[in-house]
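Below are the chains, spelled out letter by letter.
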Amino acid sequence: MSYVGNNFGTGSMKCNSLCKYFVGVLNKETKMMEIHDAELFNLQPYFPGEAFDEEMSSEKKEQSYREKVDFLIESFGTKKQKRALNSRRMHDVVSGTIQNVVAKAAEHAIEKKGVTALLDDVAQSESQDISVHLPVINTDAECREEVYSFDELISPAEYAALETASETFRDITSEDIQNMIEKKRYSCFVVEKLKSMPQGEKQRDHIARCLWYLDNLIRLNFQKQIKSKFGLGENIPHVIIMKLLKNFTVVNYSSGSVKNMVSTSMKVKIAAHVIALVLHIEDFQTDLTVLQRDLKLTETRFLEIARAMRLKITKAKVPVPDAEPEIHKIGSLSLPLPSYEPSTKLNKRKRMS
């Protein structure tokens, strides 16, 4: 490989004008050292057929750190490093090609159907796919406990891991509950259930584990991009964090990294699992209005999820402190399970004229 350098201009080294350099050459015959003038050069690889000038040199100076490292790997890297470099470049080319194809397809779809029509299609597909995101339902169940199996919602391994994590809920005091209310970091359902925790040790431990898991599931509902432990406590079990990320988020590749996102469909799935778990906590009858407000979903959407889960929905007056009673929707699970037909109201969208 050939190397070139400049002894003048912007590419020359400044030290040549500050110091005088000499090089000594030993004459083997006379055994005398001959002194010659010398200059220092900043040599760079030169490939035949490529121009080398100050303009090219300045371009190399403007290269990013990654480009400079790649250039060094091409020149001096091992076979393994060169294979990895070629593999990464091929991946970048394929990714760029795919992105261009997707962008062109999206532009074509928008030009053909329009943004409003595409949004309507998305809303319709989401409403039709509600059943896909529901917990596993046993339509042949002989008792209510078997309709949505508790072990399907929280596996035995996950339930065991919750013992230590739920300790704060199990040993909670009235002062702790007051702090929760003031900080407004917990859902209304969880706070109200903590106020009336059972006194029996076994039942109290069971409710504490369920509420702790439920609280984190509701917290996950409000995340868009999942970060490490998404703001949960340090004592969150690894098996729980992996279960939440695997079952209630979608993987998205963006800006060169893989991220977990909570999509609209995943919010439906979270809401369905919240309802199923609350049914086990509350003897298969619960206030859907409270859960709907905790999850901040529209009433129409939330009630459609409840109906898809075969719940019977009724109305009831609920007392409110220092206010008039409110009409809440109560959901109950009973056998035989009622039939379900998807509502067409979810497909109707208000349009501005």
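Coordinates for the structure precede this section.
Okay, so let's go over this structure. (Residues numbered from 1 in each chain as written. Predicted model: local features only at pLDDT ≥ 70, side-chain atom pairs only at ≥ 80, totals over all residues. Heavy atoms only, no water.)

1. Remarks on the overall build of the chain
Move 1: Check the secondary structure of the chain and you find 15 helices and nine strands.
Move 2: Of the contacts made within the chain by residues no fewer than 6 positions apart, 61% connect residues no fewer than 24 positions apart.
Move 3: Split by element, the accessible area of the chain, about 23,300 Å² in all, is 53% carbon and sulfur. (Helix = DSSP H or I, 4+ residues; strand = E, 2+ residues; numbered from the N terminus. Contact = heavy atoms within 4.5 Å. Areas by Shrake-Rupley, 256 points an atom, 1.4 Å probe, with all protein chains shown as cover.)

2. Thoughts on the layout of surface pockets
Move 1: For the largest pocket, the calculated volume is near 800 Å³.
Move 2: Around the largest pocket, the lining is made up of 27 residues, and of these Ser187, Cys188, Phe189, Val290 and Asp294 lie nearest the centre.
Move 3: Elements represented by at least two residues in the lining of the largest pocket include exactly α9 (174-183), α10 (188-195), α11 (201-221), β7 (285-287), α14 (288-295) and β9 (323-332).
Move 4: When residues of the lining of the largest pocket are assigned to their parent elements, the largest contribution, six residues, is made by α10.
Move 5: In terms of residue class, the lining of the largest pocket is built from eleven nonpolar, four polar and twelve charged. (1 Å grid on protein atoms, 1.4 Å probe; cavity = no way out; pocket = protein on both sides within 12 Å on 5 of 7 lines; lining within 4 Å. Points joined across faces, edges and corners; volume = space filled by probe spheres on them. Nonpolar A, V, L, I, M, F, W, Y, C, P; charged D, E, K, R; others polar.)

3. Notes on a nonpolar patch on the surface
Move 1: A contiguous nonpolar patch, built from Tyr3, Phe41, Leu43, Leu72 and Phe76 and spanning about 510 Å² of accessible area, is present on the exposed surface.
Move 2: Position of Leu72 relative to the elements: it lies in helix α2 (residues 65-76). (Patch = residues over 30% accessible without salt bridge, like charges linked within 9 Å, V, L, I, M, F, W, Y side chains within 5 Å. Salt bridge = Lys/Arg side-chain N within 4 Å of Asp/Glu carboxyl O.)

4. A closer look at the packing of helix α7 (residues 156-165) against helix α12 (residues 238-248)
Move 1: One way to put it is that α7 packs onto α12 with a least axis distance of 8 Å and a crossing angle of 125°. As summarised for this structure, α7 and α12 are arranged oblique, according to the angle between their axes. Side by side, α7 and α12 meet where Glu158, Ala161 and Leu162 of the first sit next to Val239, Ile240 and Lys243 of the second.
Move 2: Across the contact of α7 with α12, the residue classes break down as four nonpolar, no polar and two charged. (Axes fitted to C-alpha atoms, helices over the stretch in contact; angles between N-to-C directions. Parallel < 35°, antiparallel > 145°, perpendicular 65-115°, else oblique.)

5. Notes on the packing of aromatic side chains
Move 1: Tallying each qualifying case throughout the model produces two aromatic pairs.
Move 2: With a centroid separation of 5.9 Å and 80° between ring planes, the pair formed by Phe150 and Tyr159 is classed as edge-to-face.
Move 3: Using a relative accessible area of 21% as the deciding quantity, one classes Tyr159 as partly exposed.
Move 4: Its end group placed over the ring of Tyr186, Arg219 keeps NZ or CZ at 4.9 Å from the ring centre.
Move 5: The ring of Phe248 carries Lys269 above its face, with NZ or CZ at 5.7 Å from the centroid. (Phe/Tyr/Trp six-rings, centres within 6.5 Å; stacked < 30°, edge-to-face > 60°. Buried < 20%, exposed > 50% of the residue type's maximum accessible area, 1.4 Å probe, protein only. Lys NZ or Arg CZ within 6 Å of the ring centre and 35° of its normal.)

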